[in-house]
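Secondary and tertiary structure notes
Residue strings, one per chain:
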Protein chains: 2
Amino acid sequence: MTQSTETTSYKDIKQTVLGRIRSGEWRPDTLMPNEEDLAVEFSCTRTTVNRALRELAEEGFLERRRKAGTRVSSAPQRQARFTIPLVRDEVEAMGGTYRYALVSAQAETAPEWLAARLALTPGQRVVHVRCMHYSGNTPFQFEDRWIVINSVPQVEQADFSAIGPNEWLVQTVPFTNVELSFLASRADATLAGFMDVTEGEPVFTAERITWLQGQPVTLAKMYFAAGYRMTTRL
Amino acid sequence: MTQSTETTSYKDIKQTVLGRIRSGEWRPDTLMPNEEDLAVEFSCTRTTVNRALRELAEEGFLERRRKAGTRVSSAPQRQARFTIPLVRDEVEAMGGTYRYALVSAQAETAPEWLAARLALTPGQRVVHVRCMHYSGNTPFQFEDRWIVINSVPQVEQADFSAIGPNEWLVQTVPFTNVELSFLASRADATLAGFMDVTEGEPVFTAERITWLQGQPVTLAKMYFAAGYRMTTRL
DNA sequence: GCACTCAATTTGTGTAGACTTGAAATTTTT
DNA sequence: AAAAATTTCAAGTCTACACAAATTGAGTGC
């Protein structure tokens, strides 16, 4: 049998099943028919049903256990998927013209809080880069970044006046592990100056720590413009 | 051939490919071998390779286009996946004892900003619920929520003194669409009182709008305790 | 009543092969 | 040289079947 004219695709099955959940036909905790029965109902193979259900489970709508079967998720522990674009892309997506400006870049001994945060041995040296990302002439993001020299020796020769440290790192170092946090911080005097907000103002902030095979590579603090919100649709 | 003793699983392939990316063997933008060739290399079927690559692409490591082939993502790690647990789960996961307290609940006409935000017809009525979530006796989250009566008529009979509006809604209304935002806001006098922070302090805030088949159901603003950060590892 | 064993059931994952689809590359036409 | 039609290739998806692995539930022995 070919799939030519009238096959049920795994996408159709996903849609139908989702519909039954949303309509209330299959309420939370309901045990649904097993894959074989569904395959008969949709007149396709179990493989196709399996893919549909597997994806729905991954998206948090279903819970599946061998032998126990598949049931509708009761506490839909929903997963939000945020796209974290490069600043340039984010600015351009909003119709702005991206502009980058280096503020400062210098090698120094890692301050204590940073050494503690990244589990560095005391006295390790880092490159501290500060830079601005603009949308047109409007401040969009202030980036405060430290790069561990031991992990990325080439960084001492890097020139951050034209290319941002993030883009440089992405091209240079493959990384294995990332920790990303979002928080609300308050604008200090420096930040207020750069971002054109009043001191003390709440600022949406992202922090990103990157490792390469267990070695800490970089910590970046990114401060967004006033009123910034990170939005996603599920 | 059976998969009995020494088969290459799609997981093995994922691992190997990831390793090659991380080691720098396959740099960003590199065009990798096509599925058939990889199937030969790993001595498995194309189906298995396909699944491995498909998942890696979904995770953001690869970019695939028909005919053009598969290449290593140049801006990897673009998707962060946050699990959004119920407050109760989040508190308990941190070892705290969850406690809920209703602050106020009343039916009212939707204020203009809300009507505009949810595209309500003027004069529509909503139930406005405010409540606190504690970890032990420490304030954890202040929840400010509006529920559209038209979309959920049962809400007028609901009793939110024992069960939180979120848990009530999850049990009552299947929802089809969610918009989730994170932002930094400043604590006003009311919030400062409930959350035990000083007025003007930055507060990490999540806003969540939910629809049921195009009908707006609820808008929730959730204000987190001082110092809260939402963290994920990729 | 309790612990143990074992078979049945259900999802998980693999093989082998074929057709479909979208987009890049090439050729033909204007 | 530019535009349009055609070919070709790689990913996308389906069929059909098989064995693997986890867990449940029933049966057995004490």
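What you see is a predicted model; the values in this text were computed from it and never measured.

With respect to spatial proximity, 27 residues lie near DNA strand D, and among them Ser 9, Thr 45 and Arg 65 of chain A together with Arg 46 and Arg 64 of chain B are the closest. When atoms of DNA strand D within 4 Å of the protein are sorted by moiety, sugar and phosphate together comprise 69%. A distance of 3.2 Å is found between a sugar or linking oxygen of DNA strand D and a side-chain nitrogen or oxygen belonging to Lys 67 of chain B. Within the residue set of the surface near DNA strand D, elements represented by two or more residues are helix 1 (10-22) and helix 3 (46-58) of chain A together with helix 3 (46-58), strand 1 (62-65) and strand 2 (69-72) of chain B.

When chain A is fitted to chain B, the best match, at an RMSD of 0.4 Å, comes from turning it 180 degrees and sliding it 0.2 Å along the axis. Those values place the two copies in the arrangement expected of a two-fold rotation axis.

All names here are of chain A. Viewed as axis vectors pointing N to C, helix 1 and helix 3 meet at an angle of 55 degrees, and their least axial separation amounts to 8 Å. Comparing their axes, helix 3 and helix 1 come out oblique. The chirality of how helix 1 crosses helix 3 is right-handed. Mapping the contact onto sequence places Tyr 10, Ile 13, Lys 14, Val 17 and Leu 18 in helix 1 and Thr 48, Val 49, Arg 51, Ala 52, Leu 53, Glu 55 and Leu 56 in helix 3. Its residues assigned to classes, the contact of helix 1 with helix 3 shows eight nonpolar, one polar and three charged.

The next thing to look at is the protein's contact with DNA strand C. Taken together, 28 residues form the shell around DNA strand C, and within it Arg 46 and Arg 64 of chain A together with Ser 9, Thr 48 and Arg 66 of chain B come nearest. If you look at DNA strand C and keep only atoms within 4 Å of the protein, 71% of those are sugar or phosphate atoms. Arg 64 of chain A places a side-chain nitrogen or oxygen 2.4 Å from a phosphate oxygen of DNA strand C. Between a sugar or linking oxygen of DNA strand C and a side-chain N or O atom of Arg 66 of chain B, the distance comes to 3.1 Å. Going through the elements one at a time, helix 3, strand 1 (62-65) and strand 2 (69-72) of chain A together with helix 1 (10-23) and helix 3 of chain B are the ones with two or more residues in the surface near DNA strand C.

Evaluated as defined, the whole model comprises 28 salt bridges over all chains. The residue Arg 88 of chain B makes a salt bridge to Glu 167 of chain B at a minimum N-O spacing of 3.0 Å. Residue Arg 88 of chain B is found in helix 4 (residues 87-93), and its partner Glu 167 of chain B is found in helix 6 (residues 165-172); the two are separated by 79 residues along the sequence. Within the structure, one salt-bridge network assembled from shared partners comprises Lys 14, Arg 51, Glu 55 and Glu 59 of chain A.

Time to look at the domain arrangement of chain A. Structurally, chain A comprises domain 1 (10-72) and domain 2 (87-224). Between the C-alpha centres of domain 1 of chain A and domain 2 of chain A there is a distance of 44 Å.

Moving on to the sheet that holds strand 4 (residues 98-109) of chain A. Ordered by their spatial adjacency, seven strands build an open sheet running 4(A)-5(A)-6(A)-9(A)-8(A)-7(A)-10(B), and the pairing between neighbours is antiparallel. The sheet is open, and its two edges are formed by strand 4 of chain A together with strand 10 (229-233) of chain B, each paired on a single side. On average, each strand axis in the sheet is tilted by 15 degrees relative to the strand beside it, whichever way the strands run. With 10 bridges joining them, strand 7 (residues 177-186) of chain A and strand 8 (residues 202-212) of chain A adopt antiparallel strand pairing. Bridge pairing links Ser 185 of chain A to Val 203 of chain A in strand 8 of chain A. Strands in contact with helix 6 (residues 165-172) of chain A are strand 4, strand 5 (125-135), strand 6 (138-148) and strand 9 (215-224) of chain A; relative to strand 6 of chain A, the strand with the most contacts, it is inclined by about 45 degrees.

Note on interface size: it is often stated as the accessible area lost on association of the parts. Chain A puts 50 residues into the contact, and the matching count from chain B is 52 residues. Approximately 4,600 Å² of surface area, both sides summed, lies buried where chain A meets chain B, with 50% of it carried by carbon and sulfur atoms. Of all residues in chain A, the largest losses of buried area upon contact with chain B belong to Arg 22, Arg 81 and Arg 229 of chain A, amounting jointly to 14% of the total for that side. On the surface where chain A and chain B come into contact, there are six salt bridges. Note that Arg 233 of chain A and Glu 179 of chain B form a salt bridge whose closest N and O atoms lie 2.5 Å from each other. Our count for the chain A to chain B interface comes out at 12 residue pairs in polar contact (both at pLDDT 80 or more). Elements supplying a minimum of two residues to the side of chain A that touches chain B: helix 1, helix 3, strand 3 (79-83), helix 6, strand 7, strand 8 and strand 10 (229-233) of chain A. Broken down by element, the side of chain A that touches chain B gets its largest block of residues, 10 residues, from strand 7 of chain A.

Conventions we followed
Residues numbered from 1 in each chain as written. Chains lettered and ligands numbered in written order. Predicted model: local features only at pLDDT ≥ 70, side-chain atom pairs only at ≥ 80, totals over all residues. Heavy atoms only, no water. Near = heavy atom within 4 Å. Polar contact = N/O pair within 3.5 Å; in protein donor to acceptor, adjacent residues only side chain to side chain. Helix = DSSP H or I, 4+ residues; strand = E, 2+ residues; numbered from the N terminus. Least-squares fit on C-alpha atoms with pLDDT ≥ 70 in both. Axes fitted to C-alpha atoms, helices over the stretch in contact; angles between N-to-C directions. Parallel < 35°, antiparallel > 145°, perpendicular 65-115°, else oblique. Left-handed = near helix turned anticlockwise from the far one by under 90°. Contact = heavy atoms within 4.5 Å. Nonpolar A, V, L, I, M, F, W, Y, C, P; charged D, E, K, R; others polar. Salt bridge = Lys/Arg side-chain N within 4 Å of Asp/Glu carboxyl O. Domains from an automatic or database assignment. Pairing = 2+ DSSP bridges. Buried area = accessible area lost by both parts, 1.4 Å probe.

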